Amino acid sequence: MWWVCRILSLAEICLSRCSYYCCWSLGKRHHTMKDVIEDVAAFAAKINKQFGANVLMPATQLPDYGMITSGSLALDVILGGGWKVGQWHEIIGRESHGKTVVALKTIAANQQINPDFRALWVASEDYDEKRAETLGVDNSRVHVLAINDMEQAYTVMINACESGLFDAIVLDSYPALIPRVEEEQSMDEVQVAAGARATSKFFRKVGPAMRRKPEGDDRRPVTGFFINQYRENIGAFSPTGVALTTPGGNAKRYAVCTILEVRRDEFIIESREGGGKEFVGMVIKAKTVKSKTAPPQQVATIHFYFSDAPTRGIKAGEYDFSQECLTYAVWFKIIERRGAYYYYGDSKWQGQENTLNAIRNSPELREELHEKILAAAKKSPDERETLSA
């Protein structure tokens, strides 16, 4: 067995020499954890001196900008609490399905929370200030850039991100932008993928401007929204119907934090005195096709009213917040349902309509349910039991 011992001895010598030379290549041999920490700190100082302050730092020191609300409780739940600040989010869907509504309601909700919240609206399509006002937007805190040149629009958006003067930037919408090379051509000339290449370049160049700022930097972190529209994917096959795609290439799909698909599910109809019915709103189904902040492929049901609904006590431009509260309070077992009765603490209601009316008539109850629902959405099923009243 002497040869076995000899082989083990040689292996130990080789390993010790490899370890020695690896440590030697780093400048010295590491004997303690303190030596390693000091070497990493020296390495970080060297990198930050060469490439800029706070380029390299521990993950625990990265600033957390948090999230901003979407204005819809259901949408906040599937987003993991709201839109991630410092990231880009793409809103996609067919025409007249609520894409612009989602963006405008986001701005309106955050303007109510923060009196200094400002937005840049890049309007490659017309910006309707009256409609925005109906949705609750303060137009004095929205700056509109009316432009169709793609390269110019992207340049302004990059400069806006670098300036730190805006809290949100909305592009409405990508398909209406014209690449410069296409603008210079005649109608009978064809340019393939010019917009996709420009969009890919935009997301690469805007990255440093969106990067999290070090402590002491008073520039505002910006949240970006990229409104896009579906197009039929000619020649492609879909087992569920017509194959759809979104223009702009694949690069944006990797760059954005969230891809939210917006679809109109049905219209909301209300009866009027004297006979007749009127379309007063629509039910929007929003699905997270991609999400880096919450599990993807979740669906939120949003009741949006574009006209007054007197029987429901809802005005034009509002979400049915009370309906969302009831839906998710029952889902997370904050409100307990037993047959036709609903229980919350010492309160008891018979039927869904009576429960819904109770929530609508009590702002304190709505706010209490709102807080508990958002807290429950971030917890595991076992932890949610402690949130029940």
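## Brief notes about a nonpolar patch on the surface
So, step 1. A contiguous nonpolar surface patch, about 380 Å² in accessible area, is contributed by M33, V36, I37 and V40.
So, step 2. Secondary-structure assignment places M33 in helix α2 (residues 33-51).

## A closer look at the packing of aromatic side chains
So, step 1. Applying the stated criterion across every chain yields a total of 11 aromatic pairs.
So, step 2. Arranged with centres 5.1 Å apart and planes meeting at 85°, the rings of W83 and F225 form a pair that is edge-to-face. Taken together, the residues span a long stretch of sequence, with W83 in strand β2 (residues 83-84) and F225 in strand β7 (residues 223-227) at a distance of 142 residues. Taken individually, W83 and F225 each receive the classification buried, so the pair is uniform in this respect.
So, step 3. Judged by centre distance (5.2 Å) and plane angle (80°), the ring pair of F267 and F279 falls under edge-to-face. With F267 in strand β10 (residues 258-271) and F279 in strand β11 (residues 277-291), the pair connects residues that are 12 residues apart, well separated along the chain.

## Examining the nonpolar core
So, step 1. Counting 55 residues, the largest nonpolar core has L75, W83, W121, L369 and I373 as the members making the most contacts within it.
So, step 2. Here this core gets six residues from one element, more than from any other, and that element is helix α4 (residues 99-113).
So, step 3. I147, Y154, I169 and F226 belong to the second-largest nonpolar core, a separate cluster that totals 28 residues.

Conventions and cut-offs
- Residues numbered from 1 in each chain as written.
- Predicted model: local features only at pLDDT ≥ 70, side-chain atom pairs only at ≥ 80, totals over all residues.
- Heavy atoms only, no water.
- Patch = residues over 30% accessible without salt bridge, like charges linked within 9 Å, V, L, I, M, F, W, Y side chains within 5 Å.
- Areas by Shrake-Rupley, 256 points an atom, 1.4 Å probe, with all protein chains shown as cover.
- Salt bridge = Lys/Arg side-chain N within 4 Å of Asp/Glu carboxyl O.
- Helix = DSSP H or I, 4+ residues; strand = E, 2+ residues; numbered from the N terminus.
- Phe/Tyr/Trp six-rings, centres within 6.5 Å; stacked < 30°, edge-to-face > 60°.
- Buried < 20%, exposed > 50% of the residue type's maximum accessible area, 1.4 Å probe, protein only.
- Core = buried A, V, L, I, M, F, W, Y, C linked by side-chain atoms within 4.5 Å.

Read these as geometric descriptors, not functional statements.
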